[in-house]
Amino acid sequence: MADEYSFASKSSLKLKGVDMTIKKKKKRKDKDREREKTEKAAGESSAEAKELAAMASGSDEDLMYRGKTPAEVAHLKRKREQELDRIRKRADTTHKEKVEKFNSYLHKLPENYDIPKVSWTK
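Note that the structure is predicted; figures quoted are calculated from it, not measured. (Residues numbered from 1 in each chain as written. Predicted model: local features only at pLDDT ≥ 70, side-chain atom pairs only at ≥ 80, totals over all residues. Heavy atoms only, no water.)

Draft legend 1. Quick look at the overall build of the chain. Looking only at helices and strands, the chain features 3 helices and 0 strands. Put simply, the chain runs from its N terminus to its C terminus through helices and strands in the order α-α-α. Here the chain, with 122 residues, has 4% of them falling under the buried criterion. Roughly 13200 Å² of accessible area belongs to the chain as shown, and the carbon and sulfur atoms make up 56% of that amount. (Helix = DSSP H or I, 4+ residues; strand = E, 2+ residues; numbered from the N terminus. Buried < 20%, exposed > 50% of the residue type's maximum accessible area, 1.4 Å probe, protein only. Areas by Shrake-Rupley, 256 points an atom, 1.4 Å probe, with all protein chains shown as cover.)

Draft legend 2. Molecular detail of a negative patch on the surface. Negative charge collects at one region of the surface, where Asp 30, Glu 34, Glu 36 and Glu 39 lie side by side. Mapped onto the elements of the fold, Glu 34 is located in helix H1 (residues 31-57). (Patch = residues over 30% accessible without salt bridge, like charges linked within 9 Å, V, L, I, M, F, W, Y side chains within 5 Å. Salt bridge = Lys/Arg side-chain N within 4 Å of Asp/Glu carboxyl O. Lys, Arg positive; Asp, Glu negative; His and termini not counted. Charge placed at Lys NZ, Arg CZ, Asp CG, Glu CD.)

Draft legend 3. Structural detail: the packing of aromatic side chains. The final tally for this structure, using the stated rule, is 1 aromatic pair. Here Lys 77 stacks its cationic end above the ring of Tyr 65, 5.8 Å away from the centre of that ring. (Phe/Tyr/Trp six-rings, centres within 6.5 Å; stacked < 30°, edge-to-face > 60°. Lys NZ or Arg CZ within 6 Å of the ring centre and 35° of its normal.)

Draft legend 4. Looking closely at a positive patch on the surface. The grouping of Arg 86, Lys 89, Arg 90 and Lys 98 at the surface amounts to a positive patch. Looking at which element gives the most residues to the positive patch, the answer is helix H2 (residues 70-92), with 3 residues. Following the sequence through the fold, Lys 89 ends up in helix H2. Taking relative accessible area as the criterion, Lys 89 reaches 62% and is therefore assigned exposed.

Draft legend 5. Highlighting the pattern of salt bridges. In the structure shown here, the tally under the stated rule is 1 salt bridge. Across the pair Arg 88 and Asp 85 runs a salt bridge, and its minimum N-O distance is 3.3 Å. Of this pair, Arg 88 and Asp 85 both sit in helix H2, 3 residues apart, which is roughly one turn of the helix. Judged by its relative accessible area of 37%, Asp 85 is partly exposed.

Draft legend 6. Region of the structure containing H2. A rise of 1.5 Å per residue sets the reference length of H2, with its 23 residues, at 33 Å; its end C-alpha atoms lie 33 Å apart and thus fit the reference within 8%. What H2 keeps buried is the set Val 73, Leu 76 and Arg 80. (Expected span 1.5 Å × (residues − 1).)

Draft legend 7. Here's a closer look at the confidence of the model for the chain. The share of residues in the chain with pLDDT of 70 or more is 73%, and the mean pLDDT across the chain is 77. No element of the chain has a lower mean pLDDT than H1, at 68, and none a higher one than H2, at 91. (pLDDT = per-residue confidence, 0-100.)

Draft legend 8. Representation of a nonpolar patch on the surface. On the surface, Phe 102, Tyr 105, Leu 106 and Leu 109 cluster together into a nonpolar patch covering about 390 Å² of accessible area. Within the secondary structure, Tyr 105 sits in helix H3 (residues 95-108). Tyr 105 gets classed as partly exposed once you look at its relative accessible area, which sits at 49%.

Spelled out as structure tokens, the structure:
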């Protein structure tokens, strides 16, 4: 089967009258850069753990509060509290409760959403 395609050109298509001067960029692999990335990743993971702990405690020295007015800080804190409450509410409900809630919702829907009966004789 490879013989059928042996006549095909392996290079890219070339247009007449168009100057194709596109150069491909070479990928640079630098061992020092790779080492720095791994060191950064290791440092960031510990830094992220510290930041999460600080966020949970609600300290005012968070990065997201720098350069903000007191009203903006209060708004962000309130928003975070509301988001955490929503997450806790979703986490508290079990699968069984979710299914029961969904079934009650379906039961409350009007019958307009039922699939009408189809008959070939009428």
